[in-house]
Amino acid sequence: MLSPTNLTQDPEFKLHWQMTNCERFALQNLLRRLQPKLSVEIGTYRGGSLQVLSHFSEKVISVDIDPELENRLNGKFTNVVYCCGDSREVLPELVSQLNEHDAKIEFVLIDGDHSTAGVRRDIELLLDLKPRQRVVVIMHDSFNPDCRQGMKTAAWDRSPYVQWVELDFIPGIYHQDAYDTAAARTMWGGFACAVLEPIERKDELVISESQRGLFEAVFAVSAHANKILPDAPVKRLLKRLRRIVP
């Protein structure tokens, strides 16, 4: 009999995986459809999403700051090349090499530095890529205000190959109570998505936020609001909202 656990936990993917059920389904389905020749992951942590990238891609490049990552994963993925170091140093050289060798990169997962500046920097370094075919870029934690701001303010239009950006490709979640590494009343998860094509775009680039209303409603009652919006009128508004939405 199929149990509820079978629906959300693939026995092939046993490593710790910090993604919601909808994110897991979305990532697997995207990769199953794309069958990338080459994928890049920026931020590997414990290898949860890497195990999925490795399964569906011919080859994966993992960029992570942890010098013990490759040893810790202990040869679990024979098709993964590890690039250890700070992404601000590793990515420029990696993108340069990919361009020089006309590498057929088709998928990128950005899930490394979660500060606004760090997310923006990783995106903008990636935008020096000259795609040889369609490249799908997924950015995790687009529902987190710091990450979202980095995604929203990145200089997307600097690259003529970016055709589409959606910050709410998969909406995120709100943790009322602390969970795993997430503090109580914080917003995490969600996928933003960008698509690059080997042709230059013809129209003005629009950064879409299809679930902006949801983001703003949750933000107003979250722990992030007091941190980012400390002025008195906003505090009074938040108090009223919390009486409505506990």
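Relevant structure appears above.
Definitions and limits used
Residues numbered from 1 in each chain as written. Predicted model: local features only at pLDDT ≥ 70, side-chain atom pairs only at ≥ 80, totals over all residues. Heavy atoms only, no water. Axes fitted to C-alpha atoms, helices over the stretch in contact; angles between N-to-C directions. Helix = DSSP H or I, 4+ residues; strand = E, 2+ residues; numbered from the N terminus. Parallel < 35°, antiparallel > 145°, perpendicular 65-115°, else oblique. Left-handed = near helix turned anticlockwise from the far one by under 90°. Contact = heavy atoms within 4.5 Å. Pairing = 2+ DSSP bridges. Core = buried A, V, L, I, M, F, W, Y, C linked by side-chain atoms within 4.5 Å. Buried < 20%, exposed > 50% of the residue type's maximum accessible area, 1.4 Å probe, protein only. 1 Å grid on protein atoms, 1.4 Å probe; cavity = no way out; pocket = protein on both sides within 12 Å on 5 of 7 lines; lining within 4 Å. Points joined across faces, edges and corners; volume = space filled by probe spheres on them. Salt bridge = Lys/Arg side-chain N within 4 Å of Asp/Glu carboxyl O.

Draft legend 1. Looking closely at the packing of helix H2 (residues 21-34) against helix H3 (residues 48-56). At a closest axis distance of 9 Å, the pairing of H2 and H3 adopts a crossing angle of 20°. As far as their axial angle goes, H3 and H2 are roughly parallel. Crossing geometry of H2 relative to H3 is assigned as right-handed. From H2, Leu 27, Gln 28, Leu 31 and Arg 32 reach across to H3, where they touch Ser 49, Val 52, Leu 53 and Phe 56.

Draft legend 2. Local environment of the sheet that holds strand E10 (residues 207-208). The strand order E3-E2-E1-E4-E5-E9-E6-E10 describes an open sheet built from eight strands, whose pairing is mixed. In this open sheet, the two edge strands, each paired with only one partner strand, are strand E3 (80-84) and E10. With five bridges connecting them, strand E1 (residues 38-42) and strand E4 (residues 105-110) associate as parallel partners. Bridging across to E4, Ser 39 finds its partner in Phe 107.

Draft legend 3. Looking closely at the nonpolar core. Formed by 34 residues in total, the largest nonpolar core has its most connected members in Val 108, Ile 123, Val 137, Met 139 and Trp 156. Of all the elements, helix H5 (residues 87-100) adds the most residues to this core, at five residues. When near neighbours in sequence (up to four residues on either side) are disregarded, Val 137 contacts Val 108, Ile 110, Leu 126, Ala 192, Cys 193, Ala 194 and Leu 196.

Draft legend 4. Summary view of the layout of surface pockets. What the largest pocket holds in volume is close to 870 Å³. Forming the boundary of the largest pocket are 38 residues, of which Gln 18, Asp 111, His 114, His 140 and Asp 141 lie nearest the centre. The set of elements that each furnish at least two residues to the lining of the largest pocket consists of H2, H3, strand E2 (59-64), H5, helix H6 (116-126) and strand E7 (173-175).

Draft legend 5. Summary view of the pattern of salt bridges. Applying the stated rule across the entire model yields ten salt bridges. Close ionic contact of Asp 102 with Arg 132 constitutes a salt bridge, the shortest N to O distance being 2.8 Å. Within this pair, whereas Asp 102 is found in the loop between H5 and E4, its partner Arg 132 is found in the loop between H6 and strand E5 (135-140), the two being separated by 30 residues in sequence. As a salt-bridge pair, Asp 113 and Arg 121 come within 3.5 Å of each other at their nearest N and O atoms. For Asp 113, a relative accessible area of 32% corresponds to the partly exposed category. Bridged by salt links that share partners, the residues Arg 148, Lys 152, Asp 168 and Glu 209 form one connected network.

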